[in-house]
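Structure at a glance
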Amino acid sequence: MPKPRPIVAVLNGPNLNMLGLRQPEIYGRATLADVQALAERRGAELGLSVEFRQSNLEGELITWVQQCRGRAAGIVINPAGLTHTSVALLDALLAAELPVIEVHLTNIHRREAFRQTSITGKAATGLIAGLGPRGYALALEAMAGLLAEARGAS
Ligand code: DHK
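Residues numbered from 1 in each chain as written. Predicted model: local features only at pLDDT ≥ 70, side-chain atom pairs only at ≥ 80, totals over all residues. Heavy atoms only, no water.

1. What about helix α3 (residues 58-68)?
- Turning to α3, its buried residues are Leu 61, Ile 62, Trp 64, Val 65 and Cys 68. Within α3, the buried residues cover an arc of 160 degrees as seen down the axis, which keeps them to one side.
- Looking at the buried positions of α3, the neighbouring elements they touch are β1 (7-12), β2 (49-54), β3 (74-78) and α4 (87-96).
- Positive phi appears at Gly 70, one or two residues downstream of α3, with a value of about 80 degrees. (Buried < 20%, exposed > 50% of the residue type's maximum accessible area, 1.4 Å probe, protein only. Helix = DSSP H or I, 4+ residues; strand = E, 2+ residues; numbered from the N terminus. Arc of directions from axis to C-beta. Contact = heavy atoms within 4.5 Å.)

2. Let's talk about the site of the ligand
- In the vicinity of the ligand, the residues found are Arg 22, Tyr 27, Asn 78, Ala 80, Gly 81, His 84, His 104, Leu 105, Thr 106, Ile 108, Arg 111 and Arg 115.
- Between an oxygen atom of the ligand and a main-chain N or O atom of Gly 81, the distance comes to 3.1 Å.
- Here His 84 contributes a side-chain N or O atom positioned 2.7 Å from an oxygen atom of the ligand.
- Considering the ligand on its own, with 310 Å² of exposed area, one finds that the protein chains cover 98% of that surface.
- Here the shell around the ligand is composed, by residue class, of 4 nonpolar, 5 polar and 3 charged. (Near = heavy atom within 4 Å. Polar contact = N/O pair within 3.5 Å; in protein donor to acceptor, adjacent residues only side chain to side chain. Areas by Shrake-Rupley, 256 points an atom, 1.4 Å probe, with all protein chains shown as cover. Nonpolar A, V, L, I, M, F, W, Y, C, P; charged D, E, K, R; others polar.)

3. Considerations on the packing of α3 against α4
- Packing of α3 against α4 brings their axes to within 9 Å, and their N-to-C directions diverge by 5 degrees. As far as their axial angle goes, α4 and α3 are roughly parallel. Note on element contacts: α4 touches α3 through Ala 88, Leu 89, Ala 92, Leu 93 and Ala 96, opposite Glu 58, Leu 61, Ile 62 and Val 65.
- Each residue belonging to the contact of α3 with α4 can be placed in one class, and the counts come to 8 nonpolar, no polar and 1 charged. (Axes fitted to C-alpha atoms, helices over the stretch in contact; angles between N-to-C directions. Parallel < 35°, antiparallel > 145°, perpendicular 65-115°, else oblique.)

4. Here we look at the packing of helix α2 (residues 32-45) against helix α5 (residues 134-153)
- Interhelical geometry of α2 versus α5 gives an angle of 25 degrees and a closest axis separation of 9 Å. The angle between the axes of α2 and α5 places the two elements in the roughly parallel class. Crossing angle aside, the handedness with which α2 passes α5 is right-handed. Note on element contacts: α5 touches α2 through Arg 134, Tyr 136, Ala 137, Leu 140 and Glu 141, opposite Val 35, Leu 38, Ala 39, Arg 42 and Gly 43.
- Residues of the contact of α2 with α5, tallied by class, amount to 6 nonpolar, 1 polar and 3 charged. (Left-handed = near helix turned anticlockwise from the far one by under 90°.)

5. Topic: the nonpolar core
- Within the largest apolar cluster, 23 residues are counted, with the highest numbers of intra-cluster contacts made by Phe 52, Val 76, Tyr 136 and Leu 140.
- Taken together, the elements giving at least two residues each to this core come down to β1, α2, β2, β4 (100-104) and α5.
- Take this core: its biggest share by element is 6 residues, from α5.
- Residues in contact with Phe 52, not counting those within four places in the same chain, are Val 10, Asn 12, Leu 32, Val 35, Gln 36, Ala 39, Glu 40 and Tyr 136.
- Core analysis: the second largest hydrophobic core is formed by 20 residues, Leu 61, Leu 82, Leu 90 and Ala 123 among them. (Core = buried A, V, L, I, M, F, W, Y, C linked by side-chain atoms within 4.5 Å.)

6. What about the pairing of β4?
- Summarising burial for β4: 5 of the 5 residues are buried, a large majority.
- Burial along β4 is two-sided: the residues Val 100, Glu 102 and His 104 and Ile 101 and Val 103 are all buried.
- Pairing of β3 with β4, which is carried by 3 bridges, proceeds in the parallel orientation. Considered in β4, the bridge of Val 76 is made with Ile 101. (Pairing = 2+ DSSP bridges.)

Structure representation (structure tokens):
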């Protein structure tokens with residue numbers, strides 16, 4: 001029997017369902033469906049099973065993070081606006097005890113002061129910001145590398 005592919009949850013926070021329509025001069029013209037297709041394609045090439053989800057609700061994202069514990073191999077997350085506000089999402093990510101890569105489409109350090117702090121980033125193994133949808137593919141590449149290293153170490 002072929003080995004099951006490690007599950008990597010790719011979670012997206014509030015307003016990312018509006019990608020393509022929402023401030024395209026800042027967030028670009030790619031839609032969330034485009035980002036999902038890119039993530040699923042790159043994930044499959046890397047031997048990962050990508051579970052791609054988006055919610056506008058903080059509690060729903062927290063529940064999805066909780067469900068990753070013991071089931072998924074890692075989490076790629078763009079918490080969107082919750083990046084800058086949500087201690088509760090940070091706590092959920094810490095409790096998951098999984099490698100976490102935080103992705104931002106934009107370079108949050110070039111934006112308003114309130115976007116330059118990431119509360120959730122404290123739970124992240126690494127962060128990728130400013131590279132648009134490509135950041136999701138890069139995050140999955142990094143995740144595949146982290147998982148391979150962890151397998152080699154065990
Ligand atoms: C997305 C958002 O929706 C914003 O609230 C963040 C992030 C930045 C992004 O760049 O992907 O401030």
